[in-house]
There are 2 protein chains.
Amino acid sequence: MEVIRIASIREVARMAQVAPCTVSRALNNSGYVSEETRKKIIKAVETLDYVPNQWIRNLYHQSTGIIGVVIPDIAHPFFSTLSSCLLNELRKHGYNMMLCSTGTDKNREKEYLGTLERNMFDGVIAGVAMLSDEFYMQIKKPYILLDRKVPNIPLVCSDYRKGGMLAAEKMLADGRKHVLQLCSHILFPTPSYESQEVFAQFLQDHNVNVLTVKLDLWSTMKFEDCFENAQKILQQHPEIDGVFGADLHAVAFLKAAMHLQKKIPQDLSIVSFDGTYVADMGIKSLTTVVQDIQKIAQKTVQVLLRKINGMPIKEDHYYIPLQIRDGESTLK
Amino acid sequence: MEVIRIASIREVARMAQVAPCTVSRALNNSGYVSEETRKKIIKAVETLDYVPNQWIRNLYHQSTGIIGVVIPDIAHPFFSTLSSCLLNELRKHGYNMMLCSTGTDKNREKEYLGTLERNMFDGVIAGVAMLSDEFYMQIKKPYILLDRKVPNIPLVCSDYRKGGMLAAEKMLADGRKHVLQLCSHILFPTPSYESQEVFAQFLQDHNVNVLTVKLDLWSTMKFEDCFENAQKILQQHPEIDGVFGADLHAVAFLKAAMHLQKKIPQDLSIVSFDGTYVADMGIKSLTTVVQDIQKIAQKTVQVLLRKINGMPIKEDHYYIPLQIRDGESTLK
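Structure report, in brief. Everything numeric in this text was worked out from a predicted model, so none of it was measured.

A short note on the sheet that holds strand β10 (residues 269–274) of chain B
Residues and elements named next belong to chain B.
So, point 1. Reading across the sheet, the six strands line up as β8-β7-β9-β10-β11-β13 and stay open at both edges, with mixed pairing between neighbours. Taken across any chain shown, the strands that pair with only one partner, and hence form the sheet edges, are β8 (209–215) and β13 (323–325). Within this sheet the neighbouring strands show an average axis-to-axis angle of 20 degrees, counted without direction.
So, point 2. Two strands pair when backbone bridges link them, and strand β7 (residues 178–184) and β8 are joined in this way by seven bridges, in the parallel orientation. Pairing of C183 across the sheet is with K214, part of β8.

This is the structure:
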């Protein structure tokens, strides 16, 4: 066996002729220690090659107190808000958060998850999941997915189907006939994509035309690009009288429509999805399907901690209720 | 001495009768391993109580490959963009990023920095610094500040003085006489605050009235609150003909002014600071002092790595150039 010798804090204290708590204070800068005592402690630390790190012991017991959080993009308002809420929740329970943003790069996700297997994380919360089901199923450590259904791995997400329905009902109430929906490119049928499916199906069942445009949502966050894109689409499709898309794109359509002299909401109903702080930044407040991001974070951390502590969880899938908030971008 | 015995990968391989690289492949899921071989390896791992973790060795050598990033709020567009750029830069050099958001809580910052001393981080990048100079000066590990001058600790930030001057010149060119500047509450004179000082001084020297309002910028990101605040200020001070503030607040003033039937830019010049993606989300694009966030991240990581590798750095303070981008919210 390879052997690493680790001096204990007691040995350091004995050599420096002080109490162990004094060593701790000196090393953590957490209270008064006289200069003379500090020097003695430092000498003892150096002599014994003491590593003042309980992590070594933690790691030996396969626990680091770190949770990995994998998201496509930190700069995106939904994921920055989610990360903020997750960090607060994790901190309440004494965990640190390591962030990874993958963009649309599968290899980056894979590389990052390798770190999980090399014991760096006690668990992972994944807002993005681009690999095969098998990949996730062989992970032994606690793993929570936020937008992918994989057998035996807990899913915590908004009730996306309900969200799609709420938006569709709004379009129908406003009497819209040519509705545009903005989607992201997806590799797998994801729960979030279900909001789009429900939205389109419900409207088509009611004889509303639905035009679907796929966007690369995780490219660099340039509002200018969203705005140009919105202008182009509205010019190419003057018949469009309703738009459903994520906050950022919905605000871009609001701005583009007003630049094209369309009256909002008379000429065009806009319903946004997510309800982050950017949804209100346009000149009119948007009617928005609001995700309860704080609740998602709370439930996610709750389920993760149960998994880490080897406790059973009640369900495989947790759907967090969402609500529609009326703004100035719809008639009814 | 306390002794932790750590089985080497070679011993696992010997017991499982396979090559060490096969053990590595099996444990990292990084290539094909037959089911039978995998079972043998798992049995050997369990028998030897093998911890497949090079971190234990890394930690023993006082290196974890983790950089701590301390910011006031991840959800804020400037800090989410900065975090995104820092993560990309750190990743290029093989480092992981652990995020801490402190809000305005000094104790939270202190607690987090304790982790640095307990060897969890190889270095820290601090976008917020609320403690005393002495606190930072006794930190032995590499530490980069982004908005605070402390002796012997590198500072990397925008050329804030220049930023304040650019905004002030714009107000003067537009012939403004009653200019509002929005500041954050500060505990220490920070480099970012210098943009405010230069802005006010330059305008006052040119007989322009400057009204300063202090806001709590790091409270929960509610655009609604920013908007209400903007409406209130514009109603209380109808003489205001210029506004200078961070992106989010500048957009709120744009919206509030238009709701109050003010013409932009004829009645009111607005110049925003930061130039993140939200600066364009209003109905008119804002004239903006744009921070080169990517360049800040690059220089910060460059300086940090030199410190980590014990190389000398040329300067104590690095000022990254910034530019003004003309939008539709100023006359000239």
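Brief notes about the environment of V208 of chain B
All names here are of chain B.
So, point 1. Considering the arrangement of structural elements, one finds V208 in the loop between α9 (191–205) and β8.
So, point 2. Here V208 falls in the buried class, since its relative accessible area comes to 3%.
So, point 3. Separated by 33 residues in the primary sequence, V208 and G175 place their C-alpha atoms 9.1 Å from one another.
So, point 4. Sequence-distant contacts of V208, defined by excluding residues within four places in its chain, comprise L172, R176, K177, H178, V179 and L203.

Comments concerning the pattern of salt bridges
So, point 1. Scanning the entire structure with this criterion turns up 14 salt bridges over all chains.
So, point 2. With a shortest N-O distance of 3.5 Å, E194 of chain A and K149 of chain A are connected by a salt bridge. Taken together, the positions of E194 of chain A in helix α9 (residues 191–205) and K149 of chain A in the loop between β5 (143–145) and β6 (155–158) put the pair 45 residues apart, joining distant regions of the chain.
So, point 3. The exposure class assigned to E194 of chain A is buried, which follows from its relative accessible area of 16%.
So, point 4. Classification of K149 of chain A by relative accessible area gives partly exposed; the value is 35%.
So, point 5. A salt bridge links R38 of chain B to E35 of chain B; its shortest N-O distance comes to 3.9 Å. In this pair, R38 of chain B and E35 of chain B both sit in helix α3 (residues 35–48), three residues apart, roughly one turn of the helix.
So, point 6. The network of salt bridges with shared partners includes K149, R161 and E194 of chain A.

Quick word on helix α5 (residues 77–92) of chain A
The α-helix winds at 3.6 residues per turn, so residues separated by three or four positions along the chain end up facing the same way.
Residues and elements named next belong to chain A.
So, point 1. When the terminal C-alpha atoms of α5 are compared, their 23 Å separation across 16 residues agrees well with the 22 Å that a helix rising 1.5 Å per residue should span.
So, point 2. Most of α5 sits inside the fold, with 13 of its 16 residues counted as buried.
So, point 3. Following α5 by one or two positions, G94 has its phi on the positive side, about 80 degrees.

Topic: the packing of aromatic side chains
So, point 1. Tallied over the entire structure, the rule returns twelve aromatic pairs over all chains.
So, point 2. Between F135 of chain B and Y136 of chain B the ring centres are 6.0 Å apart and the planes differ by 80 degrees, which places this aromatic pair in the edge-to-face class.
So, point 3. When the ring of Y160 of chain B is compared with that of F273 of chain B, the centres are 5.9 Å apart and the planes differ by 20 degrees; the resulting orientation is stacked. One end of the pair, Y160 of chain B, is in helix α8 (residues 160–173); the other, F273 of chain B, is in strand β10, with 113 residues separating them in the sequence.
So, point 4. Judged by its relative accessible area of 9%, Y160 of chain B falls in the buried class.
So, point 5. Clustering of aromatic rings is evident, with ring pairs tying together Y160, F199, F244 and F273 of chain A.
So, point 6. Directly above the aromatic system of F227 of chain A lies the positively charged group of K255 of chain A, at a separation of 4.9 Å from the ring centroid.

A word on the pairing of strand β7 (residues 178–184) of chain A
Residue and element names in this part refer to chain A.
So, point 1. Counting buried positions over the seven residues of β7 gives six, a clear majority of the element.
So, point 2. Note on the crossover from β7 through α9 to strand β8 (residues 209–215): the handedness is right-handed.
So, point 3. Summarising the sheet, β7 and strand β9 (residues 242–246) pair through three bridges and their orientation is parallel. The partner of V179 across the bridge, within β9, is G242.

Quick notes on the packing of helix α5 (residues 77–92) of chain B against helix α12 (residues 293–308) of chain B
All names here are of chain B.
So, point 1. In the contact formed by α5 and α12, the axes pass within 9 Å of each other and the chain directions differ by 45 degrees. With respect to α12, the axis of α5 lies oblique. Crossing geometry of α5 relative to α12 is assigned as right-handed. Packed against α5, whose contacting residues are F78, T81, L82, C85, L86, E89 and L90, the element α12 presents I293, Q294, I296, A297, Q298, T300, V301 and L304 at the interface.
So, point 2. Looking at the contact of α5 with α12 residue by residue, the class counts come to ten nonpolar, four polar and one charged.

Side note on the sheet that holds β9 of chain A
Residue and element names in this part refer to chain A.
So, point 1. Ordered by their spatial adjacency, six strands build an open sheet running β8-β7-β9-β10-β11-β13, and the pairing between neighbours is mixed. Taken across any chain shown, the strands that pair with only one partner, and hence form the sheet edges, are β8 and β13 (323–325). The sheet shows a mean angle of 20 degrees between the axes of neighbouring strands, taken without regard to direction.

Observations concerning the environment of A257 of chain B
Residues and elements named next belong to chain B.
So, point 1. Along the chain, A257 falls in helix α11 (residues 247–259).
So, point 2. A relative accessible area of 0% places A257 in the buried class.
So, point 3. Considering only alpha carbons, one finds A257 and T81, 176 residues apart in sequence, at a separation of 27 Å.
So, point 4. Ignoring anything within four residues of it in the chain, the contact list for A257 reads L234, K262, I264 and L268.

Describing unusual backbone geometry
So, point 1. Cis geometry marks the peptide bond from I264 of chain A to P265 of chain A, where omega comes out at 5 degrees.
So, point 2. You can see P265 of chain A is positioned in the loop between α11 (247–259) and β10 (269–274).
So, point 3. In this structure, N152 of chain B is a non-glycine residue whose phi angle is positive, near 70 degrees.
So, point 4. Within the secondary structure layout, N152 of chain B lies in the loop between β5 (143–145) and β6 (155–158).
So, point 5. Note on N152 of chain B: relative accessible area 65%, which makes it exposed.

Rules used throughout
Residues numbered from 1 in each chain as written. Chains lettered and ligands numbered in written order. Predicted model: local features only at pLDDT ≥ 70, side-chain atom pairs only at ≥ 80, totals over all residues. Heavy atoms only, no water. Pairing = 2+ DSSP bridges. Helix = DSSP H or I, 4+ residues; strand = E, 2+ residues; numbered from the N terminus. Axes fitted to C-alpha atoms, helices over the stretch in contact; angles between N-to-C directions. Buried < 20%, exposed > 50% of the residue type's maximum accessible area, 1.4 Å probe, protein only. Contact = heavy atoms within 4.5 Å. Salt bridge = Lys/Arg side-chain N within 4 Å of Asp/Glu carboxyl O. Expected span 1.5 Å × (residues − 1). Phe/Tyr/Trp six-rings, centres within 6.5 Å; stacked < 30°, edge-to-face > 60°. Lys NZ or Arg CZ within 6 Å of the ring centre and 35° of its normal. Right-handed = clockwise from strand over helix to strand, strands pointing away. Parallel < 35°, antiparallel > 145°, perpendicular 65-115°, else oblique. Left-handed = near helix turned anticlockwise from the far one by under 90°. Nonpolar A, V, L, I, M, F, W, Y, C, P; charged D, E, K, R; others polar.

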